[in-house]
Amino acid sequence: MSRSQWSEVDSYFAKTLVGSDPALEAALAANAAAGLPSIDVSPAQGKMLTLLARMARARKALEIGTLGGYSTICIARALPRDGRLLTIEAVAKHADVARANIARAGLGDRVEVRAGAALDILPKIEAEGLGPFDFVFIDADKTNNANYLTWALRLSRLRTVIIVDNVVRDGRIVDASSRDPDVTGTRRMFEMMAREPRLQATAIQTVGDKGWDGFVLAIVK
Ligand code: SAH
Ligand code: DHB
Ligand code: MG
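Just so it is clear, the structure is predicted and the values come from calculations on it, not from any experiment. (Residues numbered from 1 in each chain as written. Chains lettered and ligands numbered in written order. Predicted model: local features only at pLDDT ≥ 70, side-chain atom pairs only at ≥ 80, totals over all residues. Heavy atoms only, no water.)

Engineer: Would you explain the coordination of the magnesium ion (ligand 3) in this entry?
Structural biologist: The textbook angles at a metal center are 109.5 degrees for a tetrahedron of four donors and 90 or 180 degrees for an octahedron of six. The magnesium ion (ligand 3) binds to the protein through Asp139 (OD), Asp139 (OD), Asp165 (OD) and Asn166 (OD1); the donor distances cover 2.0 to 2.8 Å. Taken together, the six donor atoms coordinating the magnesium ion (ligand 3) and their angles of 52 to 168° define a geometry best described as irregular. Of note, the magnesium ion (ligand 3) draws all its donor residues from one chain, in the sequence arrangement D-x25-D-N. (Donors = N, O, S within 2.8 Å, 3.2 Å for Na, K, Ca; no water. Tetrahedral: all angles 85-135°; square planar, octahedral: opposite > 155°, others 65-115°.)

Engineer: What is the right way to look at the nonpolar core in this model?
Structural biologist: Soluble globular proteins tend to bury their nonpolar side chains together. Among the nonpolar cores identified, the biggest contains 29 residues, and Leu62, Leu122, Ile125 and Ile162 are the most heavily contacted of them. Take this core: its biggest share by element is six residues, from helix H7 (residues 145-154). Ignoring sequence-local partners within four residues, the contact set of Leu122 consists of Leu62, Ile64, Ile88, Tyr148, Trp151 and Leu155. (Core = buried A, V, L, I, M, F, W, Y, C linked by side-chain atoms within 4.5 Å. Buried < 20%, exposed > 50% of the residue type's maximum accessible area, 1.4 Å probe, protein only. Helix = DSSP H or I, 4+ residues; strand = E, 2+ residues; numbered from the N terminus. Contact = heavy atoms within 4.5 Å.)

Engineer: How do you make sense of the site of ligand 2 when you look at a structure like this?
Structural biologist: All residues in the neighbourhood of ligand 2 are listed as Ile39, Asp139, Lys142, Asp165, Asn166 and Arg169. Contacts to ligand 2 include Ile39, whose backbone N or O atom sits 3.1 Å from an oxygen atom. Here ligand 2 has 290 Å² of accessible area as a free molecule, and 65% of this is covered by the chains. Residue composition of the shell around ligand 2, by class: one nonpolar, one polar and four charged. (Near = heavy atom within 4 Å. Polar contact = N/O pair within 3.5 Å; in protein donor to acceptor, adjacent residues only side chain to side chain. Areas by Shrake-Rupley, 256 points an atom, 1.4 Å probe, with all protein chains shown as cover. Nonpolar A, V, L, I, M, F, W, Y, C, P; charged D, E, K, R; others polar.)

Engineer: Would you mind going over helix H8 (residues 181-195) with me for this structure?
Structural biologist: Owing to its 3.6 residues per turn, the α-helix aligns residues three or four sequence positions apart on the same side. Between its first and last C-alpha atoms H8 spans 21 Å; for 15 residues at 1.5 Å apiece the expected length is 21 Å, and the two agree. For H8, the full list of buried residues reads Val183, Gly185, Thr186, Met189, Met192 and Met193. Buried positions along H8 lie against H7, strand E5 (161-165), strand E6 (199-208) and strand E7 (211-220). Of the residues flanking the start of H8, the one acting as N-cap is Asp180, its side-chain oxygen 2.8 Å from the backbone nitrogen of Asp182. (Expected span 1.5 Å × (residues − 1).)

Engineer: Which parts of the structure should I look at to understand the pattern of salt bridges?
Structural biologist: It is possible for side chains of opposite charge to pair when their charged atoms get near one another. All chains considered together, the criterion is met by 13 salt bridges. Close ionic contact of Arg99 with Asp96 constitutes a salt bridge, the shortest N to O distance being 3.0 Å. Linking Arg99 with Asp96, this pair stays in helix H5 (residues 92-104), spanning three residues, or about one helical turn. What makes Arg99 partly exposed here is its relative accessible area of 36%. Its salt-bridge partner being Arg198, residue Glu196 comes within 2.8 Å of it at the nearest N-O pair. (Salt bridge = Lys/Arg side-chain N within 4 Å of Asp/Glu carboxyl O.)

Engineer: What is the right way to look at the site of ligand 1 in this model?
Structural biologist: As a structural note, the neighbourhood of ligand 1 is formed by 21 residues, with Gly65, Ser71, Glu89, His94 and Asp139 the closest of them. Interatomic distance of 2.9 Å between a backbone N/O atom of Val41 and an oxygen atom of ligand 1. One of the side-chain nitrogen or oxygen atoms of Tyr148 is found 3.3 Å away from a nitrogen atom of ligand 1. Calculation on ligand 1 without its partners gives an accessible area of 590 Å², and the protein chains cover 88% of this total.

Engineer: How should I be thinking about the packing of aromatic side chains in this particular structure?
Structural biologist: How two aromatic rings sit relative to each other is set out by the distance from centre to centre and by the angle between their planes. Summed over the entire model, instances satisfying the criterion amount to one aromatic pair. Taking 6.3 Å as the distance between ring centres and 45° as the angle between the ring planes, the aromatic pair formed by Tyr12 and Phe13 counts as tilted. Given the relative accessible area of 49%, Tyr12 is considered partly exposed. The partly exposed category is assigned to Phe13, whose relative accessible area is 38%. The cationic tip of Arg154 hangs over the ring face of Trp151; the distance from NZ or CZ to the ring centre is 4.8 Å. (Phe/Tyr/Trp six-rings, centres within 6.5 Å; stacked < 30°, edge-to-face > 60°. Lys NZ or Arg CZ within 6 Å of the ring centre and 35° of its normal.)

Engineer: Sorry if this is basic, but what is going on with a nonpolar patch on the surface here?
Structural biologist: On the surface, Val9, Tyr12 and Phe13 cluster together to form a nonpolar patch covering roughly 290 Å² of accessible area. Along the chain, the position of Tyr12 falls in helix H1 (residues 3-18). (Patch = residues over 30% accessible without salt bridge, like charges linked within 9 Å, V, L, I, M, F, W, Y side chains within 5 Å.)

Engineer: Would you mind showing me how to read the packing of H1 against helix H3 (residues 43-55) here?
Structural biologist: In a pair of packed helices, the angle between the axes and the distance between the axes together describe the arrangement. As a packed pair, H1 and H3 sit with axes 8 Å apart at the nearest point and diverge in direction by 45°. Classified by the angle between their axes, H1 and H3 sit oblique to one another. Of the residues in H3, those in contact with Asp10, Ala14, Leu17 and Val18 of H1 are Pro43, Ala44 and Lys47. Here the residues of the contact of H1 with H3 sort into five nonpolar, no polar and two charged. (Axes fitted to C-alpha atoms, helices over the stretch in contact; angles between N-to-C directions. Parallel < 35°, antiparallel > 145°, perpendicular 65-115°, else oblique.)

Quick look at the structure:
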């Protein structure tokens, strides 16, 4: 089994079930033109975010880690017209590219991109009373995954859906002696989830365009 086969299968899913998507394709082109790294969710994963947010009947969503807004667009599409998605991005250039991509996708009315470090912005979101959110996607610096989970819980209600991206990283997650802050941060997030009585959670490994990775899916109970 090879990585090129994983990619072929991803392309097959994208072709059969996702289909051509001018807004998302334009976003990827704009990201590339601006020199952003291509670390967005894949088309199939993006569609999964749309479906999960729809299944959750989300009206208010929170995203940590916008990049160029690919996943943002996927989540925002699941919201009703009067829904709100707040997405946080540390790098001003990423936030600018994302705002343009989101506007081009016709979702500017539903989405607010806040530029800044998430741990600075999240207390403000709480102070402004913008929560609780129905759906939270955590996809920023993996070092802070446990801190982001703490904030996701603070800003949640019963049945809020929480997703954490990139929790496998080519299997590095099981290296208990790793000093890689991405690994230790994500392992702290898993330990917190295991201890947290308010959460019902699972994790799923994925292969595809982005190699071997995976995500956590949790619900507040
Ligand atoms: N969710 C995007 C991909 C996000 S990549 C998608 O799938 O389309 C991770 C992003 O998190 C990067 O743009 C990075 O700049 C941002 N980031 C890193 N550290 C951050 C922090 N402390 N606060 C907010 N954003 C951060
Ligand atoms: C990478 C991938 C991601 O989905 C992400 O959010 C951050 C980094 C990566 O492949 O490096
Ligand atoms: Mg990611």
